[in-house]
Every structure is written in C-alpha cells, then in structure tokens.
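# Descriptive analysis of the structure
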Amino acid sequence: MKFSVIVPIYNVDKYLRTCIESVLYQSYTNFELILIDDGSPDKSPSICDEYAQKDNRIIVIHKVNGGLVSARKAGVNVASGQYAVCLDGDDFLHKDCLKIVYETIRHNEKVDVVCFGFNLYKDDSVVEKSVKSRCGYYDYNQIVYSIYPELFYSRSSRRFPHEIAGKAIRLELYKHYQLKVPSDIRMAEDASCIHPLLTNIKSIYILGECLYYYRQITSSMTKVRKPLDWDNYDKVFALYEKQIDFRRHDFRRQYYRLRTHNLFNVTMSQFYSDKPYTQIVSQILSRFKKHPEYDEAINNGDFASIHMKFIRYLLKYRCFRVIRFYAHNRLLLKTLKERIGK
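The paragraphs below set out a description of the structure included in this document. (Residues numbered from 1 in each chain as written. Predicted model: local features only at pLDDT ≥ 70, side-chain atom pairs only at ≥ 80, totals over all residues. Heavy atoms only, no water.)

What follows deals with the environment of Gly-136. Relative to the assigned elements, Gly-136 resides in strand β8 (residues 136-139). For the pair Gly-136 and Glu-209, spaced 73 residues apart in sequence, the C-alpha to C-alpha distance is 11 Å. Apart from residues no more than four positions distant in its own chain, Gly-136 is found in contact with Ile-204, Tyr-205 and Ile-206. (Helix = DSSP H or I, 4+ residues; strand = E, 2+ residues; numbered from the N terminus. Contact = heavy atoms within 4.5 Å.)

The tally for this structure, following the rule as stated, stands at 22 salt bridges. When the shortest N-O distance is used, the salt bridge between Lys-63 and Asp-38 registers 2.6 Å. Residue Lys-63 is located in strand β3 (residues 58-63), and its partner Asp-38 is located in strand β2 (residues 31-38); the two are separated by 25 residues in the primary sequence. The exposure class assigned to Asp-38 is buried, which follows from its relative accessible area of 4%. One salt bridge in this structure joins Arg-155 and Asp-302, with 3.3 Å as the shortest N-O distance. Taken together, the residues span a long stretch of sequence, with Arg-155 in the loop between α5 (140-146) and β9 (167-170) and Asp-302 in the loop between α12 (292-300) and α13 (306-316) at a distance of 147 residues. Overlapping salt bridges bring together Arg-155, Arg-253, Arg-257 and Asp-302 as one network. (Salt bridge = Lys/Arg side-chain N within 4 Å of Asp/Glu carboxyl O. Buried < 20%, exposed > 50% of the residue type's maximum accessible area, 1.4 Å probe, protein only.)

So, about the nonpolar core. Membership of the largest hydrophobic core comes to 74 residues, with the highest contact counts inside it found for Phe-160, Tyr-174, Leu-198, Ile-201, Ile-204, Tyr-240 and Phe-271. Residue contributions to this core peak at eight residues, all from helix α10 (residues 251-269). Once you skip the residues sitting within four places of it in the chain, Tyr-240 turns out to touch Ala-191, Ser-192, His-195, Pro-196, Phe-246, Tyr-255 and Leu-258. (Core = buried A, V, L, I, M, F, W, Y, C linked by side-chain atoms within 4.5 Å.)

With that settled, the discussion passes to the packing of aromatic side chains. Per the stated rule, a full pass over the model turns up 19 aromatic pairs. Considering the side-chain rings of Phe-118 and Tyr-214, the 6.5 Å spacing of their centres and the 80° angle between planes classify their relative orientation as edge-to-face. A residue pair is termed long-range when its members are at least 10 positions apart, and Phe-118 in strand β6 (residues 113-122) and Tyr-214 in strand β10 (residues 203-215) qualify at 96 residues. Here Tyr-140 and Tyr-148 contribute two aromatic rings whose centre-to-centre distance is 6.5 Å and whose plane-to-plane angle is 80°, an arrangement assigned as edge-to-face. Overall, Tyr-140 belongs to the partly exposed group, its relative accessible area being 33%. Among the residues examined, Tyr-148 registers a relative accessible area of 1% and is labelled buried. An aromatic cluster is defined as three or more aromatic residues linked by ring pairs; in this entry it consists of Tyr-140, Tyr-148, Phe-152, Phe-237, Tyr-240, Phe-246, Phe-251, Tyr-255 and Tyr-256. (Phe/Tyr/Trp six-rings, centres within 6.5 Å; stacked < 30°, edge-to-face > 60°.)

Where helix α9 (residues 230-243) meets α10, the closest approach of the two axes is 11 Å, and the angle between their N-to-C directions is 175°. The orientation of α9 with respect to α10, classified from their angle, is roughly antiparallel. From α9, Trp-230, Tyr-233, Asp-234, Phe-237, Tyr-240 and Glu-241 reach across to α10, where they touch Arg-252, Tyr-255, Leu-258, Arg-259, Asn-262, Leu-263, Val-266 and Thr-267. For the contact of α9 with α10, a count of residues per class yields eight nonpolar, two polar and four charged. (Axes fitted to C-alpha atoms, helices over the stretch in contact; angles between N-to-C directions. Parallel < 35°, antiparallel > 145°, perpendicular 65-115°, else oblique. Nonpolar A, V, L, I, M, F, W, Y, C, P; charged D, E, K, R; others polar.)

Taken together, the buried positions of helix α2 (residues 44-54) are occupied by Ser-44, Pro-45, Ile-47, Cys-48 and Tyr-51. Down the axis of α2, the smallest arc covering the buried residues is 165°, so these residues share one side. Structurally, α2 contributes buried residues whose contacts are with β1 (3-9), α1 (13-24), β2 and β3. (Arc of directions from axis to C-beta.)

Under the defined criterion, the tally for this structure stands at zero disulfides. Here Cys-48 is not disulfide-linked; the sulfur of Cys-19 is the nearest cysteine sulfur, at 9.1 Å. (Disulfide = S-S within 2.5 Å.)

Here's what the structure looks like:
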C-alpha cells in the first residue's frame, strides 16, 4: 500500500530539510512525497529540486503563489497512493508514523480515516496533544454515537480535531472534498475540507500515539494582530451549506454554535484596526444588517459553558465596548478564565 505525502511549501527554507528528511527516513518506505512550491521567494524551490534529484519517490511541483488550498489541490491532483497524509513544510513526522498507520489500516481494511495525535514543538520542547476521544476503531454507528455529537461544536464547546494534519485519509475521499474548497479561502482552510468529509465517512480509527510534530514558530505567533476577513468566513459557511446535510443528527445546531464562535472572533478582531471606535461599530452593524444569517446563528446557538453564553450575549445585544475591551485584554482574560476553571 502506498501513501501520498502532500507538502505545501512557502517561505519555510529554514525548516524544510527537516520536514523532507522526516519523510524520506520513514521506517515504512512505500510512499510518494509530493512537494508543492507555491511560488516561494526563498530557497525552498531549490531545496525541493535538490532532494528530487536524489530520490525518485519525490515529485516537485513549482507553481505561481495561490495559497494553501491551491497548493493542496495541485498536490492531490497528481497523487497516486491509496491514502493521503498532509504535512506542512515547517512540520515533521515521527520516524514510524507511516508504519504505524499502515499496520492500523492493514488490520482494519478499508478504514476511511486514521487519526493520530500531534506534538507541539516549540524551542526544542515538546508537548503531546493526543486525540481526546477514545482510541480504537469506529464503524458508522459508533461514529454517530460517539463522534458526531461533538463534530463541529458541542454544547460544552468540545470539538473533534478538524486539522488535516494528524490524519491519513483514503485518497479518493480526500481528493473529492479538497477540490471543492474554494482556492481563495485563506483561513479555516482545514475545517473547510475536513468537516464536510467527516460527515460522509463510514469508519475511522483513532490512534493514541502522537506522530505529527507541529512546529510553533515564536516569530509568527507574535505578529501584529489585524482584522479578520468577514468574506472569508462567509465563504466557509456557504461551503458547509452546500456540502453538509444539516437534517442529519444535530449538525444544524452545531453549525449555529460554530458560526457564533467564529462571528465573535471576527467581530472582536475588527477592534485591532486603528480606525475610530464609532467607525468600526458602524461597519460591524452594517455587516450584520446585510447578513441576517448572523443573528440566526446567534439566536439559535445554545451553549452550556458560561464563557460561550457570555460571548453569545455580547453579540446578541451588541455590547461592542465590552467586545473591544476583550480584544485588547485577551491574555489577561484568558489567564483569569483558566484560574476560574481550576
């Protein structure tokens, strides 16, 4: 059985060799490594070509910059394996990742998705983040009972991992849903593919092992905050409306909760702008007036957690001064929330 390891690449030359070699030195060797240079202006393109000359399992695609989604589409279009594993260019895999996933698939024939945990790798320290759900094999009935109730956003704010990282997915299934994601989506790229995909699987296996190393780069975490794009998230949820059958299970209510959560983040982010407070509020109100589906989600989002009930209240009653305070004191409020929760 062959894996297609798909790696979108942009401005990661500092980490790219580690990424590539973590695949080339896997203990399981039947794979193709697809490197997609998304118009990277650094040394990444030449690094890709260098490794391709040394190993015929590597396929390199050089393309004009189009974003993460377009790069993944380019990769999946040339993939020929049975399962796809997506890996970001600044991350890397455990040396036995593909072997462990292969053994899992071999003993659970035709499983749609194998899900595994990841390690947060920052400044040479590692924090394990295993999948919180019970490990093991789930058939469709078990998925309905154990996974679907918290697939998008449960009443208690639990969510099944929506990252493409940390998953091996049957190639034809992944390809079908990845190609439907608009290439101009620049946030929530993973969820736009994974959420619709997971609503149409028949089986999944959850491993307890943490096999993916997600690199947290300090410099990228401290960038200046800026307003999030309203249109981006509207496109994401428009895709959900097309791809997900909300008549099944409680997907519609979870959708309302998830959209309320995202609406708060986008609304709050508008106060990162240097524009006057009154101008920001006017633009937010105008946006809500043009999109009545925002209030539909807020009014129908039923939450159990006090925190999300408060968030919903702030949005419903347009408490913009409190939201602005929240925006500029997030770290303080996060610390207080953690202390209250202990």
